[in-house]
Every structure is written in C-alpha cells, then in structure tokens.
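# Examining the three-dimensional arrangement
Each chain, letter by letter, is given below.
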Amino acid sequence: MRGEEVREKLFMLLALLATLFGIVILAFLLAFTFYEALPWLDWQFLTSPPSRFPERAGIYPSLVGSVMAIALVGVFSVPLGVGAAIYLEEYARRSRIAKLIEINISNLAAVPSIVYGLLGLGLFVSTLHLRPGIVLVGALTLTLLILPIIIVAAQEALRSVPDSLREASIGLGATRWQTVRNVVLPSAMPGILTGVILALSRAIGETAPLIMIGAATSIFTPPKSIFSTYSPLPMQIFMWTDMPKEEFLHGLAPAGIIVLLAVMLSMNAFAVYLRNRYARKLRR
Amino acid sequence: MRAQRARERAIHVLLFISALLTVGVTLGIILTLFADTVTFFRNVSPIEFFTGTKWSPTIKPYSYGVLPLVAGTIMVTVGAGAIAIPVGLLSAIYLSEYASERTRSILKPMLEILAGIPTVVYGFFAFAYITPFLKGLFPDISAYNVLSASVVVGIMIIPIVASISEDALRAVPRSLREAGYALGARKVRVIWSIVVPSALSGIVASFILGISRAIGETMAVTIAAGRTPRLVNPLNPADWLKPIETMTAAMVEIGLSDVSGHSIAYKSLFAIGFTLFLMTMALNTVSYYIKMRFREVYR
C-alpha cells in the first residue's frame, strides 16, 4: 500500500515538473540573454543605425520601420477583421456559408507564416507591382497573416455580449446595424481591442514572411514613408546572429532581442490592462 | 425609411465582403503557389523534384531534389515532437487533474508565453546557448545541428499540445472519474484508464497540430540547424549532431539570395512552399475532423 502511495505522489511530481519544464528553461535562456544584453543596451544603441563596428551599431532605423509597419497593420486589419467577425456573429449565425468561412479561418491559422510570405510576394510584388521590401508590402503581408487571429478574437468578444442587450435594442425598433453599432460593439470593444493588440504583438516578432517579400537585412536610415524599404527589427536580430564577429552574437543580438521583447511585453501588458478593466465593468 | 434600408443593405454587403476576404486569402495562397509551381514543374520534372537526392538550386550543377530538405524537416519535427508530446500531455494532465484553479490561472498564461516568443529569438537561444551547452555532453556536435533546433522547436510547441489536450481532458465528465473512484481506483489509475482514453481524440488532435506547427517553423531551424542540405538518416545518432537544411530554411536561403524572378531557383521557392502548404493543410484537416468527433461524444 505504501509503495502505491509513493507512486501516486511521484506521478504528480512528474506532471508538475513537465509543466514547469519549458517555463524554467525559458527563464534561464532569458536571463542569459538579459545578462549579455545589459552592457550593450544604452541610448546610443537605440538611436544609431546598424554598423560593421559593434560598438557603433544600433537599431534605430529598424525600430522605426517595425513600429510604422505594425501601425499600418492595425489600420488594415482592424476594420477587415472586426467586419468579418460582425458578419459571422451578428448576420450569418449558423448559415452554411458562415460555417464554411469558419472552417476556412481555422485552416488559415494553421498555414505556416513563411507561406504567407510567398502569398505577399505573389500578390503585392508580382501582381500589383509594388516594390519588394517596402513598409506597405510588409504591412499588407502581416495583415493577411494575423487576420484569422483577429477574426477569432473579435468573434469571442462579440459572443460574450448577452443576447438580452440585442433583443432590447431590436425591441425598441432599432435596425440590425444600429443595434450592432450602438449596443453590441461598445460592449465588445475592450475584448476586441485586447485581441487586436495581442495579434499585433505577434506580428511585430514575425521574420520569415518578411524575408520572402524581400525586406532588407540592414537599413541605415529610418523609412521616410510607407513606400520606403525597411529592415524589420527581428530581421536585424537575425542578421546579427549570422555575423562572424563574436560581439554581434553575444552582445548586439541579445540587446536587440531585449528591445523586441520589451516592445511586445508592453503591448501585452496593455492588453491585460484592457481585459481587466473590461472585466470590472461587466461585473458592475 | 428607404434610405435607411438601403444603408442597412450596403453595410450587410460590406461586412459580407470582409468575411469573404478570408476565402479570398485561401484562394490567393493556392493560386499564387500553384501558378509558379506549375512553371517550375515545366522545367524540372516532378519525378526529379520528389525523388532527387541532391538540393542545389543556386550553385552549378543545379539540381532540385527535395528529399534532403524533407529528411531535414522530418528530423526536426520528430525531435520536437519527442519533447513536446510527452511534456505537453503531462502538463495538460497536471493543469486539468491536479492544479487548483489558482495555480492553473498562474501556470497556464506562463506556459502560453512559450508560444509567444518570436521564433527568431528561439533560433538565437539554440545557436548561442543550447548548442554550447550540448557541447559539454556531446563534444563533436557542430555549431549548426538538428538536436538543438529540435529542442527549441519542441519547447515552442508545448503550449499548443498542452492547451488543446487540457481542453479535451476537462471535457471528460466528472461522473466518469467518480465511477472510477467508486471502483476503488486511485487517481493515477483513473487518469490513465479513464480520463486520458476518453479524451484521446482531442489529445491526438493536439499532437497533430503541434507537429504541423513544427513542420512550418522557420527562423529557429534556419538559425540553429543550418543551411546544409544533406540526405540524413534519422536513425543514425551521429546525424543529429550535424547541420542539415529544412524545407523552410531552404526557402529562407533562396529568399535572401538575389535570384531573379524568372530563374528556376525562384520558382522552386513556390514548389517547396506548395509542398509545405499541402502537408500542413492535410495535417490540420485530419486534426479538425478528429477534434470534431471528440466534441460530439459528450454533448
């Protein structure tokens, strides 16, 4: 009987260790990265262009480019994604075409991101003849990539709005769109925004699709407009892992990673803040 | 009133168009990939592509055998699966059967962070820290190798396996567990003989989805496993310590080179992309149907 009790406890311990496995390894790796990044993270690093000389190199142009592209992704993806979600949740509930679109969205979420890069290349560069590697093409490609994520998140937010609100509005004689615009959307907005920010924070870390559309490996001036070529921040980090000099791998790359993660983390924190504020409001 | 009805109609159409756009994206992917893949196969026979054992699209003598890339992809995927499947399943069991609501609400978001780290960062981790660490265990490991790429890709897909498996485990009704306890079984026995088998379709679906993610993973394997297309033998332990090239890494390599839009090398990008797309699409469809079946059981 004792032996069995020990076995019971051991299995629980094993399951707990498995849960902690990835988290602990990641914590260690991040600690190493932060330790190596620390001496390189300074004002000069944030405000300088890349350089062959590690002590003079920085990320300013790629940081500006990445932020520009992500802002543009937001402009494109929010109306499209939220529009699609409103159609699926408020207009076409349970119709056959809605189910088809739904299956299609879950399939799209599983397409490797590098394939979206090929789509961007074929669609925007070969067909629409936009210049490869410009901010606009990068943003359009990332928009297609995160559209399914935004639609699913927005659908969940819309679904959490109670039907009684819709019925009350319809009962007062409002049309469907008036109901959506004045009643459903305001209550779902914080949830939608949370999903959008999380999707955007994923988009800012994407590299592979941007390589496909010809994003530059190094750019020395920040993009002036959406038609300038740019070197996304993760691309700059990728280049630094590939340089022969030791300082690039064990100095500049970690510093770039910490900046990238800091940007992503603050976006995530903002999303969590929105979610909490929303939860409090609902309880009231 | 009429104006309002027209407006309602217009908005309906507009919203429908944005939903339809997702179907357009799928069609766009298929058409884009298909068109250039067809041109590629006009120049290189599909037989050479699918059975050739040498991949050299940019260096003469050109040869376009995809098998070395497929072998590399399979190795990374198998390695990543060997880590993520047991660890993910055990995590799911812990979160659904042992953890208190409070512990779960802390651990689950922490686990999800693993999937949110950009893949270029995982590539850096593997190349800069994990390979040097593995050198202590295996002195003849190369700077680029399959093993450390597999480790980081495995860590990256743990949350996918854990989260979908956990949903499946939690969907198993309490009454089934209680029946097990009533028969005098202990917790471990109940988990392995009742809960896990009942949730099996959801668990299998999570494995397939995780594997499909590993196949399409790009930056981590490009940085960590290298860009050396070699036909490897997954059963040979020494091959795990050597550099390879996956399908996605080969695409990155062509993407970074300045091959022209009319060259066969450029078209081969789409042929690999199409193969990759079909592979992940097939896996996703299988996983979807397995999951659908499991959903109906307890309704």
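Note that the structure is a prediction, hence the values are computed from the model and not measured.

Reading guide: rules and limits
Residues numbered from 1 in each chain as written. Chains lettered and ligands numbered in written order. Predicted model: local features only at pLDDT ≥ 70, side-chain atom pairs only at ≥ 80, totals over all residues. Heavy atoms only, no water. Helix = DSSP H or I, 4+ residues; strand = E, 2+ residues; numbered from the N terminus. Buried < 20%, exposed > 50% of the residue type's maximum accessible area, 1.4 Å probe, protein only. Contact = heavy atoms within 4.5 Å. Areas by Shrake-Rupley, 256 points an atom, 1.4 Å probe, with all protein chains shown as cover. Lys, Arg positive; Asp, Glu negative; His and termini not counted. Charge placed at Lys NZ, Arg CZ, Asp CG, Glu CD. Domains from an automatic or database assignment. Buried area = accessible area lost by both parts, 1.4 Å probe. Salt bridge = Lys/Arg side-chain N within 4 Å of Asp/Glu carboxyl O. UniProt positions renumbered as here; feature names shortened; annotations may be inferred. Core = buried A, V, L, I, M, F, W, Y, C linked by side-chain atoms within 4.5 Å. Patch = residues over 30% accessible without salt bridge, like charges linked within 9 Å, V, L, I, M, F, W, Y side chains within 5 Å. Phe/Tyr/Trp six-rings, centres within 6.5 Å; stacked < 30°, edge-to-face > 60°.

## A short note on the overall build of chain A
- Within chain A one finds eleven helices and zero strands.
- When the helices and strands of chain A are listed from N to C terminus, the series reads α-α-α-α-α-α-α-α-α-α-α.
- C-alpha extents for chain A along the principal axes are approximately 75 × 70 × 35 Å.
- Relative to its 284 residues, chain A shows a buried fraction of 54%.
- Restricting the contact set of chain A to residue pairs at least 6 apart, pairs at least 24 apart contribute 73%.
- Taken as a whole, chain A presents about 13,100 Å² of accessible surface, with 67% of it coming from carbon and sulfur.
- Side chains of chain A give 23 positive and 16 negative charges; the mean places of these two sets differ by 10 Å.

## So, the domain arrangement of chain B
Residue and element names in this part refer to chain B.
- Each assigned domain of chain B is listed here: domain 1 (1-42) and domain 2 (50-296).
- One C-alpha centre belongs to domain 1, the other to domain 2; they are set 32 Å apart.
- In this assembly, ten residues from domain 1 lie in contact with ten residues from domain 2.
- Roughly 960 Å² of surface becomes buried between domain 1 and domain 2 when both sides are summed, with 87% attributable to carbon and sulfur atoms.
- The largest contributions to the domain 1 side of the interface with domain 2 come from Leu 33, Asp 36 and Phe 40, which together make up 57% of the buried area.
- In this structure, the connection of domain 1 to domain 2 is made through one salt bridge.
- We note a salt bridge from Lys 267 to Asp 36, for which the minimum N-O separation is 2.9 Å.

## Here we look at the interface of chain A and chain B
- Taken residue by residue, the interface counts 77 residues in chain A and 76 residues in chain B.
- With both chains or domains summed, chain A and chain B bury close to 6,600 Å², and 77% of this area falls on carbon and sulfur atoms.
- The partner of Arg 186 of chain B in a salt bridge is Glu 4 of chain A, with the nearest N and O atoms 2.9 Å apart.
- Residue contributions to the side of chain A that touches chain B peak at 21 residues, all from helix α1 (residues 2-37) of chain A.

## Re the environment of Ile 97 of chain A
- Considering the arrangement of structural elements, one finds Ile 97 of chain A in helix α4 (residues 96-109).
- A sequence separation of 134 residues divides Ile 97 of chain A from Ser 231 of chain A, and the C-alpha atoms of the two residues are 40 Å apart.
- Each residue touching Ile 97 of chain A, except ones within four places of it in the same chain, is listed here: Tyr 87 of chain A together with Phe 16 of chain B.

## Digging into the UniProt feature "transmembrane region" (unreviewed entry) in chain A
All names here are of chain A.
- The UniProt feature table records "transmembrane region" (unreviewed entry) at residues 12-38, 58-88, 108-128, 134-154, 183-204 and 248-274.
- Spanning residues 12-38, this segment combines 96% helix with 0% strand, and its end C-alpha atoms are found 39 Å apart.
- Secondary structure across residues 108-128 divides into 81% helix and 0% strand, with the first and last C-alpha atoms of the span separated by 22 Å.

## Some points on the side chain of Arg 177 of chain B
Residues and elements named next belong to chain B.
- Position of Arg 177 relative to the elements: it lies in helix α7 (residues 174-182).
- Residue class for Arg 177 comes out buried when judged on its relative accessible area of 13%.
- Once residues lying within four places of it in the same chain are set aside, the contact partners of Arg 177 are Glu 97, Leu 169, Val 172, Val 190 and Val 195.

## Details of the nonpolar core
- Ranked by size, the top nonpolar core spans 188 residues in total, and within it Tyr 116 of chain A together with Ile 29, Tyr 122 and Phe 125 of chain B carry the most contacts.
- If you tally residues by element for this core, the top one is helix α3 (residues 67-98) of chain B, at 16 residues.
- If sequence neighbours within four positions are ignored, Phe 125 of chain B has contacts with Leu 26, Leu 29, Leu 30 and Thr 33 of chain A together with Ile 130 and Val 152 of chain B.

## Here we look at a nonpolar patch on the surface
- On the surface, a cluster of nonpolar side chains totalling about 370 Å² of accessible area is made up of Val 6, Leu 10, Leu 13 and Leu 17 of chain A.
- Looking at the secondary structure, you find Leu 13 of chain A in helix α1.

## Some details on the UniProt feature "transmembrane region" (unreviewed entry) in chain B
- The UniProt feature table records "transmembrane region" (unreviewed entry) at residues 12-35, 66-92, 113-134, 146-169, 190-211 and 269-290 of chain B.
- The span residues 146-169 of chain B is 100% helical and 0% strand by assignment, and the distance between its end C-alpha atoms comes to 33 Å.

## Quick word on the packing of aromatic side chains
- Applying the stated criterion across every chain, the model contains 23 aromatic pairs over all chains.
- Measuring from ring centre to ring centre gives 5.3 Å for Phe 32 of chain A and Tyr 129 of chain B, while their planes differ by 45°; the resulting arrangement is tilted. With one member in each of two chains, Phe 32 of chain A in helix α1 and Tyr 129 of chain B in helix α5 (residues 119-137) form a pair that bridges those chains.
- Using a relative accessible area of 42% as the deciding quantity, one classes Phe 32 of chain A as partly exposed.
- Summarising the aromatic geometry, the rings of Phe 41 of chain B and Phe 49 of chain B are spaced 5.5 Å apart at their centres and angled 75° between planes, so their arrangement reads as edge-to-face.
- Judged by its relative accessible area of 0%, Phe 49 of chain B is buried.

## Observations regarding the UniProt feature "domain: ABC transmembrane type-1" (unreviewed entry) in chain A
- Within the UniProt annotation, "domain: ABC transmembrane type-1" (unreviewed entry) is assigned to residues 63-271 of chain A.
- Span residues 63-271 of chain A is 77% helix and 0% strand, its end C-alpha atoms 21 Å apart.

## Things to note about unusual backbone geometry
- Here the amide bond leading from Lys 60 of chain B into Pro 61 of chain B is cis, since omega sits at -5°, within 30 degrees of zero.
- Locating Pro 61 of chain B in the fold gives a position in the loop between β1 (55-56) and β2 (63-64).
- Not every positive phi belongs to a glycine, and His 129 of chain A is a case in point at roughly 60°.
- In this structure His 129 of chain A comes out as exposed when scored by relative accessible area, which is 65%.

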